[in-house]
Amino acid sequence: MNRKERRAALQGGPKTDEGTTTPKPTSRSAARRMSRGVALDVLRRIENDGAYANLVLGPMLAASDLSEQDRKFATELVYGSTRMRRACDAIIDRFASQSPDEQTRSLLRLGTYQLAYMGVPAHAAVSATVDLAPTKTRGFVNAVLRRVSEADLDEMTWPSDAARLSYPEWISDALGADLGDDVVPALERMNQAPTVTERPDGYVQDFSSLWVAYAVEAKAGERVLDMCSAPGGKATAMAGSGATVIAADRQEHRAELVRENVQRLELDLPVVIADGTRPPFGPGTFDAVLLDAPCSGLGALRRRADARWRIEPNDVRELARLQAQLLTSAASMVGPGGRLVYSVCTLLDAESVDHATPDGFEVDDAEPPSGRWRRHRQGWRVLPQDADTDGMVMIRYRRTT
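I will try to describe carefully the structure that is included in this document. This one's a predicted model, so the numbers in the text were calculated from it and none came from an experiment.

### Considerations on empty space enclosed by the protein
Applying the stated criterion across every chain, the model contains 2 cavities of 30 Å³ or more. Of the pockets and cavities examined, the largest cavity occupies roughly 50 Å³. Around the largest cavity, the lining residues are A215, V216, E217, R339, V341, D364, R396, Y397 and R398. Those elements giving two or more residues to the lining of the largest cavity turn out to be β5 (334–344) and β9 (392–399). Ranked by residues supplied to the lining of the largest cavity, first place goes to β9 with 3 residues. Of the residues assigned to the lining of the largest cavity, the class counts are 4 nonpolar, no polar and 5 charged. For the second largest cavity, the full set of lining residues is L225, M227, A248, A274, D275, G276, P279, P280, F281 and M333. Residues of the lining of the second largest cavity, tallied by class, amount to 8 nonpolar, 1 polar and 1 charged.

Following this line, the structure appears as structure tokens:
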């Protein structure tokens, strides 16, 4: 039989499953379509409902049947599209004939991110994204994404560096005022996914955070307090020195994170729930206190894709007031000759070096024992581009009275 005759014979024969292959829904194209669908659902919850990316994405991926590879693809779509939201919008607005509604804009951001930043082949990015669009907007989505795919984005004229780098204007301006010529490299590095760094005991911790813990220089026999300790990286690192470390945090669920890490590392490290502005410890109780204060996080934006769209200028002012209160409380618990280390994962002076030195203390000018720190006024600063870490500012004090 020739091919035509064989086909006719098979079609006319009895219907059985033997010798046939049924396409599986987990084929590569179906899996990638599902990945994009999950990513779009998460993006819409982040953009329209104010949901947190890290809290929404995990459960949605866990409920899916996606492979590890496709989960990574969906994760990159969510975090990347969220991080580069403003830049994607600038590209979309250049090629859209009219302003899209919120639902359509979320879809266009998803497609634009794939084309402009992920290197997904144009035919795949466009067709797969268009497939997710409702019938009434499919033609519009297709037209915009095709224009994006055909454009030379390297030649695009951007409204500002903040738009090109996808930050709110006020964040770019505020960091620019404090960082000067270092601001663009810092903003660029915070658009890159963070590297994973691990301590010898298996705890995953950014090096800048570890350098702060080492800067306390805790010693065996000392009593050390980590005031705002969650999730416990600095406290557990200091515990390795042999010092008696107490970890405190104001919120019960955050203190529980510390307990879980302490138990996993099999450490003897008490964890207490305590408000740092009204600490339960008496004056001069500790040889050293670490205050890694609540802050805007404007040095660790690579870890928090949606944080840049949440934080507002007034939040910085409120946080600075809280930090000043915590610094006063922390100072009260340091004994004679003891040490106080203040740190924040922001690069704004208003949250770090603009704070006054606590009464009865002097600045410790000694270079920190480890890390890629730059001298910054009375403190030390590491920028994201210095060592591929979070941005951090630290000041070390010593009690003199």
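Don't stop here, the text continues.
### What about the pattern of salt bridges?
A side chain of one charge can pair with a side chain of the opposite charge when the charged atoms of the two come close. If you walk through the whole model with that rule in mind, you get 29 salt bridges. Between E47 and R109 there is a salt bridge, and its shortest N-O distance comes to 3.2 Å. Placement of the pair is E47 in helix α2 (residues 28–49) and R109 in helix α6 (residues 102–118), with a sequence separation of 62 residues. Each member of the pair, E47 together with R109, is buried. A cluster of three or more residues bridged by salt bridges with shared partners is formed by R189, D206, R302, R303, D388 and D390.

### Let's talk about the packing of aromatic side chains
Given two aromatic rings, their pairing is described by the distance between the two centres and the angle made by the two planes. Applying the stated criterion to the full structure yields 4 aromatic pairs. Plain terms: the ring middles of W211 and W373 are 6.3 Å apart, the flat faces sit at 65° to each other, and that makes the pair edge-to-face. With W211 in helix α12 (residues 207–215) and W373 in the loop between β6 (361–363) and β7 (374–376), this pair connects stretches of sequence that are 162 residues apart. The same class applies to W211 and to W373, which are both buried.

Basis of the calculations
Residues numbered from 1 in each chain as written. Predicted model: local features only at pLDDT ≥ 70, side-chain atom pairs only at ≥ 80, totals over all residues. Heavy atoms only, no water. 1 Å grid on protein atoms, 1.4 Å probe; cavity = no way out; pocket = protein on both sides within 12 Å on 5 of 7 lines; lining within 4 Å. Points joined across faces, edges and corners; volume = space filled by probe spheres on them. Helix = DSSP H or I, 4+ residues; strand = E, 2+ residues; numbered from the N terminus. Nonpolar A, V, L, I, M, F, W, Y, C, P; charged D, E, K, R; others polar. Salt bridge = Lys/Arg side-chain N within 4 Å of Asp/Glu carboxyl O. Buried < 20%, exposed > 50% of the residue type's maximum accessible area, 1.4 Å probe, protein only. Phe/Tyr/Trp six-rings, centres within 6.5 Å; stacked < 30°, edge-to-face > 60°.

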